[in-house]
Amino acid sequence: NINLDTETSIPDRFRTVALVAPKDSIPPNHFAKLDDYLARGGNLMVAMNAVSGDFQTAQGSVLTTGLETWLQEKGLIVDASFVIDANCGSVTVQRQQGMFRFQTPVQFPFLPNVSTFAEHPITKGLEQVVMPFASNIRFAGDSAKVFTPIAFSSDKAGVINPPNYFDVNKQWTEADFPLSNLVLGGVLEGNIVGNTPAKIVL
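Read on for a plain summary of the structure. Since the model is a prediction, treat every value here as computed from it, not as a measurement. (Residues numbered from 1 in each chain as written. Predicted model: local features only at pLDDT ≥ 70, side-chain atom pairs only at ≥ 80, totals over all residues. Heavy atoms only, no water.)

### Examining the pairing of strand β3 (residues 51-54)
And then number 1: Pairing analysis gives 4 bridges linking β3 to strand β4 (residues 59-62), with the strands arranged antiparallel. Paired with Ser52 across the bridge in β4 is Ser61.
And then number 2: Counting the residues between successive antiparallel strands, the hairpin from β3 to β4 contains 4 residues, one of them, Ala58, with a positive phi of roughly 60°. (Pairing = 2+ DSSP bridges. Helix = DSSP H or I, 4+ residues; strand = E, 2+ residues; numbered from the N terminus.)

Listed below in structure tokens is the structure:
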């Protein structure tokens, strides 16, 4: 672990820094240290949620940490919405039938089962990955950087904007999935900060 509160800067000996599932606001001085690291040619792997799902309350909401704004400055836009996919994982629901209570799996489109990948060293050999509460990624940066999408939704996908309620009994139809091949992962390469090539995997 790297403690960005105590480290004056991220040491050069780290070839890649992973930022995984932040839930709280990230202070500006942490972003400054990440910028400094990228300016020295560092590599960053970011696994983040722009939206949050709570199974206890069955509610979906926007998750704000400041990371989404920092990424947007680099041209990476993570939409604050839920990607739903007809090719999805399932959740276990308790059902009552007469005196009997039993568990039954129900398909849950908010858990996209990602099986479409680009030819890339990162995704080589991957068959499928479930991405709970994924969001669409877009690139809106300049030509000094190259964005390569590497993970996609299926050809039957859709988008739902929070706040929303998860109804496990909803009868989904084809009309709920009008979109295809939404980008769920990608690599940004080039002069992200300063003039030294760096890389962000999102």
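### What about the layout of surface pockets?
And then number 1: The computed volume of the largest pocket comes to approximately 610 Å³.
And then number 2: Along its surface, the largest pocket is lined by 33 residues, and Ala47, Met48, Met131, Leu184 and Leu202 are the ones closest to its centre.
And then number 3: Of the voids in this model, the second largest pocket is the one considered here, and its volume is about 380 Å³.
And then number 4: As for the second largest pocket, its lining consists of 19 residues, of which Ile2, Leu4, Val17, Ala18 and Leu19 are closest to the centre.
And then number 5: Every element with two or more residues in the lining of the second largest pocket is listed here: β1 (16-20) and α1 (28-39).
And then number 6: A total of 5 residues in the lining of the second largest pocket trace back to one element, the largest contributor, which is β1.
And then number 7: The class makeup of the residues in the lining of the second largest pocket is 14 nonpolar, 4 polar and 1 charged. (1 Å grid on protein atoms, 1.4 Å probe; cavity = no way out; pocket = protein on both sides within 12 Å on 5 of 7 lines; lining within 4 Å. Points joined across faces, edges and corners; volume = space filled by probe spheres on them. Nonpolar A, V, L, I, M, F, W, Y, C, P; charged D, E, K, R; others polar.)

### Side note on α1
And then number 1: Counted at 1.5 Å a residue, the expected span for α1 with its 12 residues is 16 Å, and the 16 Å between its end C-alpha atoms agrees.
And then number 2: Among all positions in α1, only His30, Phe31, Lys33, Leu34, Tyr37 and Leu38 are buried. What you see down the axis of α1 is that its buried residues fit within an arc of 160°, all on one side.
And then number 3: Elements in contact with the buried residues of α1: β1, β2 (43-47), α2 (67-73) and β16 (198-201). (Expected span 1.5 Å × (residues − 1). Buried < 20%, exposed > 50% of the residue type's maximum accessible area, 1.4 Å probe, protein only. Arc of directions from axis to C-beta. Contact = heavy atoms within 4.5 Å.)

### Focus on a nonpolar patch on the surface
And then number 1: Side chains of Met99, Phe100 and Phe102 sit close together on the surface and give an oily, nonpolar patch of about 410 Å² of accessible area.
And then number 2: You can see Met99 is positioned in the loop between β7 (88-97) and β8 (100-114).
And then number 3: For Met99, a relative accessible area of 79% corresponds to the exposed category. (Patch = residues over 30% accessible without salt bridge, like charges linked within 9 Å, V, L, I, M, F, W, Y side chains within 5 Å. Areas by Shrake-Rupley, 256 points an atom, 1.4 Å probe, with all protein chains shown as cover. Salt bridge = Lys/Arg side-chain N within 4 Å of Asp/Glu carboxyl O.)

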